[in-house]
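Residues per chain, in single letters:
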Amino acid sequence: MKIVRLLLGLVLPPLGVFLTVGAGPTLLINILLTLLGWLPGSIHAVWVIAKHEEQMNGERRSY
């Protein structure tokens, strides 16, 4: 599923962010960045997806 979200984050940045963190301030930031240009939105989406996966892996290890 992570690969799908990363690919969506590159092609349709807001969709990749939405599937990762849901609706909220992160999604709004990504939409604004995407409106400024595809590249800023894609970079932000990949960063959000990677950080979310990193946090999820860290939480699993602590148990």
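Everything numeric in this text was worked out from a predicted model, so none of it was measured. (Residues numbered from 1 in each chain as written. Predicted model: local features only at pLDDT ≥ 70, side-chain atom pairs only at ≥ 80, totals over all residues. Heavy atoms only, no water.)

Looking now at the UniProt feature "transmembrane region" (unreviewed entry) in the chain. Per the UniProt record, "transmembrane region" (unreviewed entry) is found at residues 32-50. Taken end to end, residues 32-50 is 95% helix and 0% strand, and its first and last C-alpha atoms sit 20 Å apart. (UniProt positions renumbered as here; feature names shortened; annotations may be inferred. Helix = DSSP H or I, 4+ residues; strand = E, 2+ residues; numbered from the N terminus.)

All of the buried residues along helix H2 (residues 13-21) are Pro-13, Gly-16, Val-17 and Thr-20. Within H2, the buried residues cover an arc of 95° as seen down the axis, which keeps them to one side. Gly-22 sits one or two residues past H2 and shows a positive phi near 80°. (Buried < 20%, exposed > 50% of the residue type's maximum accessible area, 1.4 Å probe, protein only. Arc of directions from axis to C-beta.)

It is worth spelling out the packing of helix H1 (residues 2-11) against H2 at this point. Relative orientation of the contacting elements H1 and H2 amounts to 145°, with a least axis distance of 5 Å. Contacts between H1 and H2 involve Arg-5, Leu-8, Gly-9, Leu-10 and Val-11 from the former and Pro-13, Leu-15, Gly-16, Leu-19 and Thr-20 from the latter. (Axes fitted to C-alpha atoms, helices over the stretch in contact; angles between N-to-C directions. Contact = heavy atoms within 4.5 Å.)

So, on to the side chain of Arg-5. Inspection of the secondary structure assignment puts Arg-5 in helix H1. Not counting the four nearest positions on each side in its chain, Arg-5 is found in contact with Gly-16, Leu-19, Thr-20, Ile-49 and Glu-53.

What follows is about the pattern of salt bridges. This structure, assessed with the given rule, holds two salt bridges. Across the pair Glu-53 and Arg-5 runs a salt bridge whose closest N-O atoms are separated by 2.1 Å. On the criterion of sequence distance, the pair formed by Glu-53 in helix H4 (residues 38-62) and Arg-5 in helix H1 is long-range, its members being 48 residues apart. The buried category is assigned to Arg-5, whose relative accessible area is 11%. One salt bridge connects Glu-54 with Lys-51, and the closest N-O pair in it is separated by 3.6 Å. (Salt bridge = Lys/Arg side-chain N within 4 Å of Asp/Glu carboxyl O.)

Attention now goes to a nonpolar patch on the surface. A cluster of nonpolar residues, Ile-3, Leu-7, Leu-10, Val-11, Leu-12, Leu-15, Phe-18 and Leu-19, forms a patch on the protein surface that exposes about 730 Å² of accessible area. Listing elements by their share of the nonpolar patch, those giving two or more residues are H1 and H2. In terms of residues, the nonpolar patch owes the most to one element, H1, which gives four residues. Following the sequence through the fold, Leu-15 ends up in helix H2. (Patch = residues over 30% accessible without salt bridge, like charges linked within 9 Å, V, L, I, M, F, W, Y side chains within 5 Å. Areas by Shrake-Rupley, 256 points an atom, 1.4 Å probe, with all protein chains shown as cover.)

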